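A closer look at the structure
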Amino acid sequence: SRAVEIKGRRIPFDERGRMHFRFGNFPKANVISAAVVLGGSVPAGYFKGKIVLVGLAAEGTSDIVATPLAGENYGVLVQAQAIDTILGGGWLSRPPWARLVEWGLAAALALLALVVSPRGRWSRIAVATVFLALPIASWVAFDRFALLLDAVRPLEVGGAALAGVLVGLFSDSRRERERLREALLHE
């Protein structure tokens, strides 16, 4: 895995140069307006020993970014959270084997949909359970182990296979109905 080291702190990043860290809601008490600082309302030494970021945080500014928790967030607050992660750790990781596991699960779900789903009620319940368990497992990997595993790819591939099976079953049942109707007319 790629990383940069600064003063003994290892900062991992992905192949596109992105850091993966948990986003949270930045405490409003830690945001101080420039007007308050320049107005002299901040006690002397308040910023001593603290990392201070100066940035724009107002509607209409260009430094507004999307995060997993908010469609719009101020860039300086995202930078503050990144600094907090650099200082305290808590990185999220996307292991090299993640893509292989995701594609393997996609193939397994597709096979499951093709082989098991037409068999009966309990097999359909089993397929539905597996489809529901995948996003839950992805969330547990994220929440408990700080792993980034994508449940969408396997669900898309498995869902497409399941949709194909359902269309095929519908088509077969319709053909069978037509055949039975023709046989009934002949009799």
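What you see is a predicted model, and the numbers here were worked out from it, not measured in a lab.

What counts, and at which threshold
Residues numbered from 1 in each chain as written. Predicted model: local features only at pLDDT ≥ 70, side-chain atom pairs only at ≥ 80, totals over all residues. Heavy atoms only, no water. Helix = DSSP H or I, 4+ residues; strand = E, 2+ residues; numbered from the N terminus. Pairing = 2+ DSSP bridges. Contact = heavy atoms within 4.5 Å. Axes fitted to C-alpha atoms, helices over the stretch in contact; angles between N-to-C directions. Parallel < 35°, antiparallel > 145°, perpendicular 65-115°, else oblique. Nonpolar A, V, L, I, M, F, W, Y, C, P; charged D, E, K, R; others polar. Salt bridge = Lys/Arg side-chain N within 4 Å of Asp/Glu carboxyl O. Buried < 20%, exposed > 50% of the residue type's maximum accessible area, 1.4 Å probe, protein only. Expected span 1.5 Å × (residues − 1). Arc of directions from axis to C-beta. Left-handed = near helix turned anticlockwise from the far one by under 90°. Patch = residues over 30% accessible without salt bridge, like charges linked within 9 Å, V, L, I, M, F, W, Y side chains within 5 Å. Areas by Shrake-Rupley, 256 points an atom, 1.4 Å probe, with all protein chains shown as cover.

**Overview of unusual backbone geometry**
One non-glycine residue, Ala146, lies in the positive phi region at around 55°. Note on placement: Ala146 falls in the loop between α4 (121-145) and α5 (152-186).

**Some remarks on the pairing of strand β1 (residues 2-6)**
Here is the key point about a regular strand: its side chains alternate between the two faces of the sheet. Two elements, β1 and strand β2 (residues 9-13), share 5 bridges in a ladder whose sense is antiparallel. Paired with Glu5 across the bridge in β2 is Arg10. As consecutive antiparallel partners, β1 and β2 are separated by 2 residues, and within that stretch Lys7 has a phi angle of approximately 50°, a positive value.

**Quick notes on the side chain of Thr85**
Here Thr85 lies in helix α2 (residues 75-88). Setting aside its immediate chain neighbours within four residues, Thr85 contacts Phe21, Gly90 and Trp91.

**Some words on the packing of α4 against α5**
Relative to each other, α4 and α5 sit at 170°, their axes nearing to 11 Å. Regarding the angle of α4 to α5, the classification is roughly antiparallel. Across the interface between the two elements, Phe131, Leu134 and Pro135 from α4 touch Pro154, Leu155, Gly158, Gly159 and Leu162 from α5. Among the residues making up the contact of α4 with α5, the classes are represented as 6 nonpolar, 2 polar and no charged.

**Observations regarding the environment of Leu109**
Mapped onto the fold, Leu109 is located in helix α3 (residues 98-115). If near-sequence neighbours (up to four positions away) are discounted, Leu109 is found in contact with Val130, Phe131, Leu134, Pro154, Leu155 and Gly158.

**Quick look at the pattern of salt bridges**
Opposite charge on two side chains permits them to pair, given that their charged atoms come into close proximity. In total, this model carries 6 salt bridges according to the counting rule given. One salt bridge in this structure joins Glu102 and Arg94, with 2.7 Å as the shortest N-O distance. Note on Glu102: relative accessible area 2%, which makes it buried. Looking at Arg94, the relative accessible area reads 33%, which means it is partly exposed. Arg181 is the salt-bridge partner of Glu182, the closest N and O atoms lying 3.7 Å from each other. Classification of Arg181 as partly exposed rests on a relative accessible area of 43%.

**Some points on α3**
Taking 1.5 Å per residue, 18 residues should reach 26 Å; α3 reaches 25 Å between its end C-alpha atoms and fits that length. Those residues of α3 that sit buried are Ala98, Glu102, Ala106, Leu109, Ala110 and Ala113. Summarising the axial view, the buried residues of α3 lie within an arc of 110°, below the 170-degree limit, and thus occupy one face. With respect to the buried face of α3, the exposed residues turned more than 90 degrees away are Leu100 and Leu111. Turning to α3, the residues buried within the fold contact α4 and α5.

**Examining the packing of α3 against α5**
One way to put it is that α3 packs onto α5 with a least axis distance of 8 Å and a crossing angle of 15°. Considering their axes alone, α3 and α5 lie roughly parallel with respect to each other. Handedness of the α3/α5 crossing: right-handed. Residues Arg99, Glu102, Trp103, Leu105, Ala106, Leu109, Ala110, Ala113 and Leu114 of α3 touch α5, and the partners they reach there are Arg153, Pro154, Leu155, Val157, Gly158, Ala161, Leu162 and Val165. Residues of the contact of α3 with α5, tallied by class, amount to 13 nonpolar, 1 polar and 3 charged.

**A look at a nonpolar patch on the surface**
Together, Val37, Tyr46, Phe47, Val52 and Val54 make up an exposed nonpolar region whose accessible area comes to about 430 Å². Note that Phe47 resides in the loop between α1 (34-38) and β3 (64-65). Overall, the relative accessible area of 30% leaves Phe47 in the partly exposed class.

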